[in-house]
Amino acid sequence: MFRVAIVGRPNVGKSTLFNRLCGTRKAIVGDEPGITRDRIYGTATWGGRSFEILDTGGMVPDVEEVIPQKVLEQVEKAICESHLLLFLVDGRAGVTAPDEQLLPILRRAGKPIFVVANKIDVPELEAHAAAFYAFGAEELFAVSAEHGRGIGELLDAVAERAGTSGLDPQKETEREIAVAVVGRPNVGKSSLVNRLLGVERAIVSEIPGTTRDSFDTLLVRDGERYRIIDTAGIRRKGRTEERTEKISVIMARKNLERADVALLLVDAEEGVTKLDAAIGGYADESGCSVIIVLNKWDKVEKDQRTIEEYADAIRRRMKFLSYAPVVSVSALTGQRVSKLFGLIKAGWEARQIHVPTGLLNNIFAPDLVQQLTVNNPGQDLNIRYITQARSSPPTFVVFTKSSKPLHFSIERFLINQLRQRFGMQGTPIRIRQRIKPPRGRKK
């Protein structure tokens, strides 16, 4: 697709413009400079044409701090892979020295440049934008990203440029497996994302909380399409102080809800913590398949039973994720990272399984009764009818013979048998009970 990068110095409204063009609140917006760090992708459709929009971090050249340097590297990569640059400036502030410093950097890329003067909220401020004609860009637009003023004219120009680019504007319609990488801060999520993709897509540093926005990257491997979603580290509610950090955590949990598979990262050096278990609970509640990934395995002293001991500890702390496979990897060295793709695909396929109602009631249910009777003489399964209501995750409706719900042990037995019999490994299974109305009460 035709690709457009929004670039500029910090705090000129790049993420606000990105959200406005894409029609979603995908990028975190706030008054704090430097919120966006990694590049974020979105899609805009206008005038029957679709094109990709890239949000980038604020460009600050000639700095020695680690994070600003890495942000600048991410912006340079966005510029290289784009067909058009939207150079966003603060229209109310006028031409500033940082803007003038950035202009030669953008020109060296050899890409068409539209200068977009933002924060022109009322017609009286349009005169302020005229000063930017001195930049000699192909087009100049006065807009208000926050209020939507002037956005239509900007989109008209971008869509026209996209239509003459010769690129295919149609969106892909093939299936994608959405994979969310989640975990507490500094367990190696961005390092794992970069290793999965084979490129430095996310900023990596030893500073906890480096990643703030959640972003998607499409990866095609062995003919399968994976949408890798890197998320911010999830902290305990009482430990999130900054507004930006709180929003990051909320967006990370929302991305779990749209994921098919979650890679739950655990620091193998530190072992399983209460916070890991809490995040695992979020993943289970979202209904996505879960793979527990023990990262930094290269730093652990091991013997033949080490992985079993780790797996046992995980099962004790996260009994609700008994269905989730455990794999040890090293995002730093790449050890066993490629194995994740097979587990991801298996977890996705498991959640797509649909069991015919006839098979559930004519074969599966009678077998359950027989097994339960052998192991627990005199105990009734108390199930009258079973049907699968939906997939992703597999959800079954159970109609009982009595006015009381099934005992939790019976429900757990039912789930285990469904998983074992029909190969639903790696995915949660939901049971919805329909009890028999008491006598004398209308259904």
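Within any chain, residue numbers begin from 1 and follow the written order of that chain's sequence. Only residues with pLDDT of 70 or above have their local features reported here, since the model is predicted, and side-chain atom pairs are shown and tallied only from 80 upward, although totals for entire chains, interfaces and linings are computed over all residues. Hydrogen atoms and water are omitted, and side-chain values are computed over all heavy atoms in the structure.

With that settled, the discussion passes to the environment of I151. Only runs of H or I of at least four residues qualify as helices and only runs of E of at least two qualify as strands under DSSP, and these elements are numbered from the N terminus. Mapped onto the fold, I151 is located in helix α5 (residues 151-163). Taking the C-alpha atoms as reference, I151 lies 8.7 Å from F141; in sequence the two are 10 residues apart. The criterion used for residue contact is that any of the two residues' heavy atoms lie within 4.5 Å. Not counting residues within four places of it along the chain, the set of residues in contact with I151 comprises L17, R20, L21, V143, S144 and A145.

As a further point, take the packing of helix α1 (residues 14-22) against α5. Axis geometry follows a simple rule: fit a line to the C-alpha atoms, using only the stretch in contact for helices, then measure angles between N-to-C directions, giving values from 0 to 180 degrees. Put simply, α1 and α5 touch, their axes get as near as 11 Å, and they point 75° apart. In terms of orientation, α1 and α5 fall into the roughly perpendicular class. Only I151, L154 and L155 of α5 make contact with α1, whose side of the interface consists of L17, R20 and L21. Throughout, the ten residues Ala, Val, Leu, Ile, Met, Phe, Trp, Tyr, Cys and Pro are labelled nonpolar, Asp, Glu, Lys and Arg are labelled charged, and all others, Gly among them, are labelled polar. Considered class by class, the residues forming the contact of α1 with α5 number 5 nonpolar, no polar and 1 charged. If an angle is under 35 degrees, it is roughly parallel; if it is over 145, roughly antiparallel; if it lies from 65 to 115, roughly perpendicular; otherwise it is oblique.

Once that is clear, we can look at the confidence of the model for the chain. Low pLDDT marks stretches whose predicted atomic positions should not be read closely. pLDDT gives the predictor's per-residue confidence on a scale running from 0 to 100. Averaged over all residues, the pLDDT of the chain equals 82, while 81% of them reach at least 70. Here helix α7 (residues 243-257) stands out as the least confident element of the chain, with mean pLDDT 64; strand β11 (residues 289-295) is the most confident, with 95. Taken as a whole, residues 27-35 scores under 50 in pLDDT and shows 35 contacts with residues more than four places along the chain or in a different chain. Of the regions scoring below 50 in pLDDT, residues 202-213 engages in 54 contacts with residues more than four places distant in sequence or in other chains.

With 15 residues, helix α12 (residues 408-422) extends 21 Å from end C-alpha to end C-alpha; this agrees with the ideal 21 Å at 1.5 Å per step. Directly beyond the C-terminal end of α12, a positive phi value near 75° is found at G423. Helix span, as expected, comes to 1.5 Å for every residue beyond the first.

It is worth spelling out the sheet that holds strand β13 (residues 383-390) at this point. What the 3 strands build is an open sheet, ordered β13-β14-β15; its pairing is mixed. Two strands close off the open sheet at either side, each with one partner strand: β13 and β15 (430-434). The sheet shows a mean angle of 25° between the axes of neighbouring strands, direction not considered. Here 5 bridges tie strand β14 (residues 395-400) to β15, and the two strands are oriented parallel to one another. In the sheet register, V397 faces β15, and the bridge partner there is R432. Across the sheet, α12 lies against β13, β14 and β15, angled at about 130° from β15, the strand it touches most. Pairing between two strands requires that DSSP report at least two bridges joining them.

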